[in-house]
Amino acid sequence: MAAAPSGYADLLKAPHAARLLIGTLIGRLPNGTAPIAILLFTRAEGGSYSLAGALAAVYGVANAVGQPLLGRAVDMYGQPRVQLPAALLSALGMALLALLGIEPVLLAHAAVVVAGLFTPPLEGGLRALWPSVLGREDRVHRAYALDAVAQEVMFTAGPLLVTLFVSLWSPAAAIVLINAIGVLGALSVVLSEPSRAWRSAPREAHWLGALRSPGLLALLGSFFFVGLALGSITVAGVAYADDHGRASVYGWLMAALGLGALIGGTVYGARRWAGPPERRLTVLVGLLALGYLPLALTPGVGAMTALAALSGVFLAPALACAFIVVDRHAPSGTVTEAFSWLVTTFGVGAALGMAAAGPAVELAGTSASFGVAGAGGIAALLVLLATRRVLEVPRRTAQQAAHTVAVSENDRNGAREPGFSSGHQA
């Protein structure tokens, strides 16, 4: 067993690794905080919970549509030509919402559609870059765990950052500032040498792209429901904060959820795991589902914050394991698209979770909206159990994937050998 902090430090010493990770996290900040920012902005403008949930859901659906399309474009045309223009358009959409407000409603919806549709696929892009930056399969798998942990840093700090900007200025100013910061993060990534040099592996022409993999479809079906659970918590948390008369409670609940995932991801990354990742993923999703169920009890703020942290403990490990499964099942030449589909299904699930939680609050109270999260977690587990035979037959192993890329450490020294990878450098 290796110590996670030292292992992560070793990864970040690799050329470009720290810049790519930090730039991607900053570039994803607008996307990671958009539901929270939209909810707080809509409520501040006098909109109802249903409108707030609908706008956040529309953003999520638009994001879900855009991610695989932009991911496929990245696989075909490279990262800089797609990522930066998309980041600028997405930021303009959110700035339009902040400028015009929620009236007229159709224009507000159009603004969030633009923002969501053109969200750059930085998340999938980073995972496509790891093999060319880190080389060995074990280091790439460790990077997936680091990636999941780092996401939770963003999801822990992001809500607090949004609420800080809101308290210092306004919800509209928070939206504009967060998106400006995000553009700078995307710019840092696309100007890096690995991003400019990366090219996808040879791609078999097929209109379904990554979706022709049965194992990938099974994984996506499960994480749709994980997204639904998290999306419902986003809205339910606002209602819980309103019930207790303090808007800051919402930020603490979301931060606790992220902190729990951060702790879980750090512990998970502290060791190397034996056995098929598909089976391990089923266990992790089952534990994640169990963590969501107690939220429906809605106890006092202290206990609820602790439950929120507990519910997040298995999120980062489940994501890190899912990244490995995606790479094992993605067809050659579709890695960015495959990772983007994971973001998409997660986003669609989150959007529907938010859309369902809003009416649940108004019809049956805050506990019912948290109950949506528990139901989503159980459904995610059931999908994995029902499709376990498909999942346990990966489309390609690391050895079979050698032809899809392989810039290992020896490659960078001038000697080419088979390796683990998802793309290649030009």
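Right above here is the structure, for reference.
About the cut-offs
Numbering of residues starts from 1 in every chain and runs along the sequence as written. The predicted nature of this model means local features are confined to residues of pLDDT at least 70 and side-chain atom pairs, given and counted, to a pLDDT of 80 or more, with totals for whole chains, interfaces and linings taken over all residues. The side-chain quantities take in all heavy atoms of the structure and omit both hydrogens and water. What counts as a helix is a DSSP run of H or I of at least four residues, what counts as a strand is a run of E of at least two, and both are numbered from the N terminus. Only protein chains enter the accessibility calculation, which uses a 1.4 Å probe; a residue is then buried when its area is under 20% of its type maximum, exposed when over 50%, and partly exposed in between. The residues that make up patches have over 30% relative accessible area and no salt bridge, and they are joined within 9 Å when like-charged or within 5 Å when they are Val, Leu, Ile, Met, Phe, Trp or Tyr. Here the accessible surface of atoms and residues is derived via Shrake-Rupley with a 1.4 Å probe, and residues count as covered only by protein chains that are part of the display. We define a salt bridge as a side-chain nitrogen of Lys or Arg found within 4 Å of a carboxyl oxygen belonging to Asp or Glu. Joining through side-chain atoms within 4.5 Å is the link that ties buried Ala, Val, Leu, Ile, Met, Phe, Trp, Tyr and Cys residues into a set, and such a set is a nonpolar core. The contact definition used throughout considers only heavy atoms, calling two residues in contact when any of these lie within 4.5 Å. The term polar contact refers here to a pair of N or O atoms within 3.5 Å; inside protein, the definition further demands a hydrogen-donor-capable atom paired with an acceptor-capable atom, and it admits residues adjacent in sequence only when both atoms are side-chain atoms. The convention used is that axes are lines fitted to C-alpha atoms, helices contributing only their stretch in contact, and that angles between N-to-C directions extend from 0 to 180 degrees. The scheme is simple: roughly parallel for angles under 35 degrees, roughly antiparallel for over 145, roughly perpendicular for 65 to 115, oblique for anything else. Less than a right angle of anticlockwise turn of the near helix away from the far helix marks a crossing as left-handed, whereas a clockwise turn marks it as right-handed. Each residue is assigned to one of three groups, with Ala, Val, Leu, Ile, Met, Phe, Trp, Tyr, Cys and Pro labelled nonpolar, Asp, Glu, Lys and Arg labelled charged, and all others, Gly among them, labelled polar. Helix span is expected to be 1.5 Å times the residue number reduced by one.

Draft legend 1. Main features of unusual backbone geometry. In this structure, proline 104 follows glutamate 103 across a cis peptide bond, with omega equal to -5°. Phi is positive for histidine 16, close to 75°, though the residue is something other than glycine. With respect to the helices and strands, histidine 16 occurs in the loop between helix H1 (4-12) and helix H2 (17-44). Relative accessible area serves as the criterion here: at 32%, histidine 16 is assigned to the partly exposed category. One non-glycine residue, threonine 298, adopts positive backbone phi at about 40°.

Draft legend 2. Looking closely at the environment of alanine 95. Here alanine 95 shows up in helix H4 (residues 80-100). When the C-alpha positions of alanine 95 and alanine 172 are compared, they lie 8.2 Å apart, and in sequence the two are 77 residues distant.

Draft legend 3. Molecular detail of a nonpolar patch on the surface. The grouping of Val283, Leu287, Leu290, Leu293, Ile378, Leu382 and Leu385 at the surface amounts to a nonpolar patch, some 580 Å² of accessible area in total. Those elements that provide at least two residues to the nonpolar patch are helix H12 (277-292) and helix H16 (366-386). If you trace the backbone, isoleucine 378 turns up in helix H16.

Draft legend 4. Layout of the pattern of salt bridges. For the structure shown, the criterion picks out six salt bridges. As a salt-bridge pair, arginine 43 and aspartate 242 come within 3.7 Å of each other at their nearest N and O atoms. Taken together, the residues arginine 43 in helix H2 and aspartate 242 in helix H10 (residues 214-243) connect sequence positions 199 residues apart. Between aspartate 147 and arginine 127 there is a salt bridge, with the nearest N and O atoms lying 2.8 Å from each other.

Draft legend 5. Seen up close, the nonpolar core. By size, the foremost hydrophobic cluster in this structure holds 115 residues, and its most contacted members are Trp130, Phe223, Ile233, Leu281 and Tyr292. A per-element tally of this core places H10 first, with 14 residues. Setting aside chain neighbours within four positions, we find tyrosine 292 in contact with Ala229, Leu230, Ile233, Ser311, Leu315, Ala373, Gly374 and Gly377.

Draft legend 6. Examining the side chain of serine 232 more closely. When you line up the elements, serine 232 lands in helix H10. Exposure remark for serine 232: the relative accessible area of 0% places this residue in the buried category. Reaching out from serine 232, the side chain makes a polar contact with the backbone oxygen of alanine 229 at a distance of 2.7 Å. Of the polar contacts made by the side chain of serine 232, one reaches the backbone nitrogen of alanine 373; its length is 3.3 Å.

Draft legend 7. How the structure looks around the packing of H10 against H12. Put simply, H10 and H12 touch, their axes get as near as 12 Å, and they point 20° apart. On the basis of their axis angle, the class for H10 and H12 is roughly parallel. Both H10 and H12 take part in a crossing whose hand is left-handed. For the pair H10 and H12, the contacting residues are Leu219, Ser222, Phe223, Val226, Ala229, Leu230 and Ile233 in the first and Leu281, Val285, Leu288 and Tyr292 in the second. The class makeup of the residues in the contact of H10 with H12 is ten nonpolar, one polar and no charged.

Draft legend 8. Region of interest: the environment of alanine 296. The topology assignment puts alanine 296 in the loop between H12 and helix H13 (301-312). Its relative accessible area of 28% is what places alanine 296 among the partly exposed residues. Those residues within four positions of alanine 296 in sequence are excluded, and the remaining contacts are Ser367, Phe370 and Gly371.

Draft legend 9. Summary view of H12. Between its first and last C-alpha, H12 extends 23 Å over 16 residues, near the 22 Å set by a 1.5 Å rise per residue. Buried within H12 we find Pro277, Glu278, Arg280, Leu281, Thr282, Leu284, Val285, Gly286, Leu288, Ala289, Gly291 and Tyr292. In this fold, the buried residues of H12 make contact with H10, helix H11 (248-268), H13, helix H14 (315-329), H16 and helix H17 (388-391).

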